[in-house]
Structures are given as structure tokens and as C-alpha cells.
Amino acid sequence: MARIFSGIQPSGSLHIGNYLGAVKNWVELQHKYESFFCIVDYHAITVPYEPADLRARTADMALSLLAAGLDPSKCTLFVQSAVPEHTELAWIFNTITPLGELERQTQFKEKASREESVPAGILNYPVLQAADILLYRAELVPVGEDQVQHLELSREIARKWNARFDARTTTEKVQAKIEGGEPGFFPEPKALLTPTRRVMGLDGQAKMSKSLGNTIDLLEAPASIWEKLKPAMTDPARVRRTDPGTPEVCNIYHLHKAFSPPATVDHVAVQCRTAGWGCIDCKKVLHESMEKEIAPIRARAKEIAANPQKMKDDLAAGAAHASTEAQKTMREVKQKMGLT
Ligand code: AMP
Ligand code: TRP
């Protein structure tokens, strides 16, 4: 079974961008792959934060992931800082990562332009991400589109490390390839994208993101979701109720595609083009479709919240399994690098 790895920041509960772009896919993939899913708290501390708050957000994220359907008996779910090898391998990768590549990362440029003083952790963020993935020698990484550039860098780091330290002979590499394996010690990880690889925020202007305040939380109460849907951006051409619209440019239509059955999606498109429905009618139907998918998740979240010890135990078991695998990789890495 091939291995997959993915990470998510402990931003509290999941929003529907994380859910549709990544986590919903994880829930399916856990049955098909040997899966590692990680709450990346060391990534989260690259921006200012409150310690007590981080602790709470980490627990909330674990709860959301379990409620969304991750099953600790099927996948390895754990918190990054519980497995110190992540930072150990990140340091090693720092020594072979070109500074220019880090400075070219879009997320770095965006974050750096927002801060007055930029900590080195923001720059080195994708190096830690490469370490997360390669520590488990994972081949596939299910993420949203915003992570594609970081993954390209992970591949480059794997290539560079392999070229420098993996002393396999050409014959051994060819043999590995023939047997369906990777030619180098570290595989070059590939992104696994979902059909909804980029969910836009309620403002319709930028990707849905906690830091932009344009999110709907997965565990939000139905009434509160409705309060957010009502004023959400639609096709700007639909000024009056009778103005026809273009579904493809409307964010609400894209959410229908994610939540509503295909027949409803087709119907929505016709009603929009012919001004048969107003935008509010369309949003009501979306709200119903969302409820069908989200209500069971909300119910599961209540059950999990009622037994916090079970969740702690699940995360500890996940960390123990991840540690065993991480230590295996680090033994070989250090051996090949002359560190032991
Ligand atoms: P983050 O919350 O930034 O750690 O993201 C966790 C996962 O959700 C990553 O795989 C992201 O690519 C994905 N993701 C975050 N926001 C969105 C969005 N608006 N649309 C699609 N995927 C997203
Ligand atoms: N950078 C990712 C994000 O913001 C989170 C992440 C950290 C990650 N390590 C990872 C994703 C490893 C995939 C694989 O969404």
C-alpha cells in the first residue's frame, strides 16, 4: 500500500475550504492508502500566537478531523510536536535548500509583506513541510491547490538529498524502479488534488481562509451558517431579482457543486440563467444541501467532545506509531550522512 501524508494547521475548527479542499478527500483515502495525518503546531508558531489559545486550537482541530470522519483505526492521526524528528529532519534539509527557492515561494512573499519584522521561521516553513512528508517517505500528499508550490519544493529537496547522500548505484536504482519502487531513498512526493481544489471565501474575492475572516466553520450552527450565506457574494450581474446570471462566475453555484446532488446542480444553473430563482432562493437550497452533509458531522463532534480522554488516547497512539516510523527514517538518514 502506498503511503500518503498530509498536514493541517491547528487553526481551531475546520472551515469548509479545508474540508472540501483536503479533509473530505483524506476521509476517503484513509481506506486506500497507509495514511498519516498531522496537526502541524510547529508550523503554526511561525506567526504571533497565545500559548493557551494554541493548545485549545490544536484540540479543536483534532476534534473536527475526527468528526469529519478520520478513523484512528484506519489512519495515523497525530500532533507534529509530539514527534521531534520532524524538526530534526527540517534542520538537515535547511542545509541543502537554496535560499532563492524559499524567497520565491508565493506564501512567503504574501506573509512577509504583511509583517513588519519577518521571523526566519516564515521563510523556512516549506522546509519543515518537506521534512513532514519525507520523514515518512510518503509518495502522495492530498492538499488544496494553494500547497502545490510548496510540494514542488519538497520534490526538489528530495532530489537534492538523494543526489548528495543516497549512495545507491545506478544498477540498484534501476532495479528499484523495475520493482515499482522509487529510484532514490526519498520518493518525490506528488500532490493529490480534489475536484474542489480552491474554495473561495464568502466575499467571493479570495480563497476561503481563517485569516481573511471569510469562512464558514464546519461545526457552525445551522442558523449561523444561514446568516453568513444570506449576504454572501453572488454573480454581480444579478442586481435585480429579474436579472439573469451566469452560474460559472457565482461562488454559490460552486458550493452547490460541492454539496448538492447533480440534478440539483443542473436545476440551479437553469434557474440562475433564466432568473427563475432569486439568489436567496438558490442559497436556501444550498443551505439544505449543506445541512444534509454537515448534520451528521456535527452530531459526531458532540459525541467526541463528550469523551476528551478517548481523543487524547487516540492522538497519543497516533504519535507513538508515527514516532516508530520517523525513527526508522532518521536512523538511515544519519547513517548515510555520516552523523552516526
Ligand atoms: P491550512 O488550514 O492552511 O493548514 O490548510 C489545510 C488544508 O486545506 C490544505 O491542504 C489546504 O490546501 C486546504 N485548504 C485551505 N484553504 C482552502 C481553500 N480555500 N480551498 C481549498 N483548499 C483549501
Ligand atoms: N502548509 C500546509 C498548509 O498551510 C500545512 C502542512 C504542513 C502540510 N506540513 C504539511 C500539508 C505536509 C501537506 C503536507 O495547508
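Being a predicted model, the structure only gives us computed values, none of them experimental.

*Asks:* What exactly am I supposed to notice about the overall build of the chain here?
*Replies:* When helices and strands are tallied, the chain shows 14 helices and five strands. For the chain, the C-alpha atoms occupy an extent of roughly 70 × 50 × 45 Å along the three principal directions. By the burial criterion, 49% of the 340 residues in the chain qualify as buried. Long-range contacts, defined as pairs at least 24 residues apart, comprise 79% of the intrachain contacts of the chain with a sequence gap of at least 6. For the chain, the exposed area adds up to about 16300 Å²; of that, 55% sits on carbon and sulfur atoms. On the chain, the mean spot of the 42 positive side-chain charges and the mean spot of the 42 negative ones are 2 Å from each other.

*Asks:* Before we go on, may I ask you to explain a nonpolar patch on the surface in this structure?
*Replies:* Together, Tyr42, Ile45 and Tyr49 line one region of the surface with nonpolar side chains, adding up to about 240 Å² of accessible area. Inspection of the secondary structure assignment puts Tyr49 in the loop between α2 (41-44) and α3 (51-68). Residue class for Tyr49 comes out partly exposed when judged on its relative accessible area of 33%.

*Asks:* Help me out: how do you make sense of the site of ligand 2 in this one?
*Replies:* Around ligand 2, a shell composed of 13 residues is seen, among which Gly7, Tyr125, Gln129, Asp132 and Gln147 lie nearest. For ligand 2, a nitrogen atom lies 2.7 Å from a polar atom in the side chain of Asp132. When residues of the shell around ligand 2 are traced back to their parent elements, those giving at least two are β1 (3-8) and α7 (120-134). Broken down by element, the shell around ligand 2 gets its largest block of residues, four residues, from α7. Residue composition of the shell around ligand 2, by class: six nonpolar, six polar and one charged.

*Asks:* Teacher, can you tell me more about the pattern of salt bridges here?
*Replies:* One pass over the full model with this rule turns up 19 salt bridges. With a closest N to O distance of 3.0 Å, Glu88 and Lys334 form a salt bridge. Placement of the pair is Glu88 in helix α4 (residues 85-94) and Lys334 in helix α14 (residues 308-336), with a sequence separation of 246 residues. Among the salt bridges present, the one from Glu101 reaches Arg104, with a minimum N-O distance of 3.2 Å. Via salt bridges that share partners, Arg3, Glu34, Glu325 and Lys328 belong to a single interconnected network.

*Asks:* Honestly, the side chain of Thr76 in this entry has me stumped. Any pointers?
*Replies:* Note that Thr76 resides in strand β3 (residues 76-79). Among the residues examined, Thr76 registers a relative accessible area of 9% and is labelled buried. Of note is the side chain of Thr76, whose polar atom sits 3.0 Å from the side chain of His321. Contacts of Thr76, omitting those with residues within four sequence positions, involve Ser35, Phe36, Phe37, Gly318, His321 and Ala322.

*Asks:* For this particular structure, what's the right way to read helix α1 (residues 16-29)?
*Replies:* Quick reminder: α-helices carry 3.6 residues per turn. Residues three or four places apart thus point the same way. Compared with an ideal rise of 1.5 Å per residue, which puts 14 residues at 20 Å, α1 spans 18 Å between its outermost C-alpha atoms and is within 8% of the ideal. Where α1 bends most, at Ala22, the angle is about 45 degrees. Among the 14 residues in α1, 12 count as buried, and that is most of the element. Where α1 is concerned, the buried positions are Ile16, Gly17, Asn18, Tyr19, Leu20, Gly21, Ala22, Val23, Asn25, Trp26, Val27 and Leu29.

Basis of the calculations
- Residues numbered from 1 in each chain as written.
- Chains lettered and ligands numbered in written order.
- Predicted model: local features only at pLDDT ≥ 70, side-chain atom pairs only at ≥ 80, totals over all residues.
- Heavy atoms only, no water.
- Helix = DSSP H or I, 4+ residues; strand = E, 2+ residues; numbered from the N terminus.
- Buried < 20%, exposed > 50% of the residue type's maximum accessible area, 1.4 Å probe, protein only.
- Contact = heavy atoms within 4.5 Å.
- Areas by Shrake-Rupley, 256 points an atom, 1.4 Å probe, with all protein chains shown as cover.
- Lys, Arg positive; Asp, Glu negative; His and termini not counted.
- Charge placed at Lys NZ, Arg CZ, Asp CG, Glu CD.
- Patch = residues over 30% accessible without salt bridge, like charges linked within 9 Å, V, L, I, M, F, W, Y side chains within 5 Å.
- Salt bridge = Lys/Arg side-chain N within 4 Å of Asp/Glu carboxyl O.
- Near = heavy atom within 4 Å.
- Polar contact = N/O pair within 3.5 Å; in protein donor to acceptor, adjacent residues only side chain to side chain.
- Nonpolar A, V, L, I, M, F, W, Y, C, P; charged D, E, K, R; others polar.
- Expected span 1.5 Å × (residues − 1).
- Bend = angle between axes of the 7 residues up to and from the residue.

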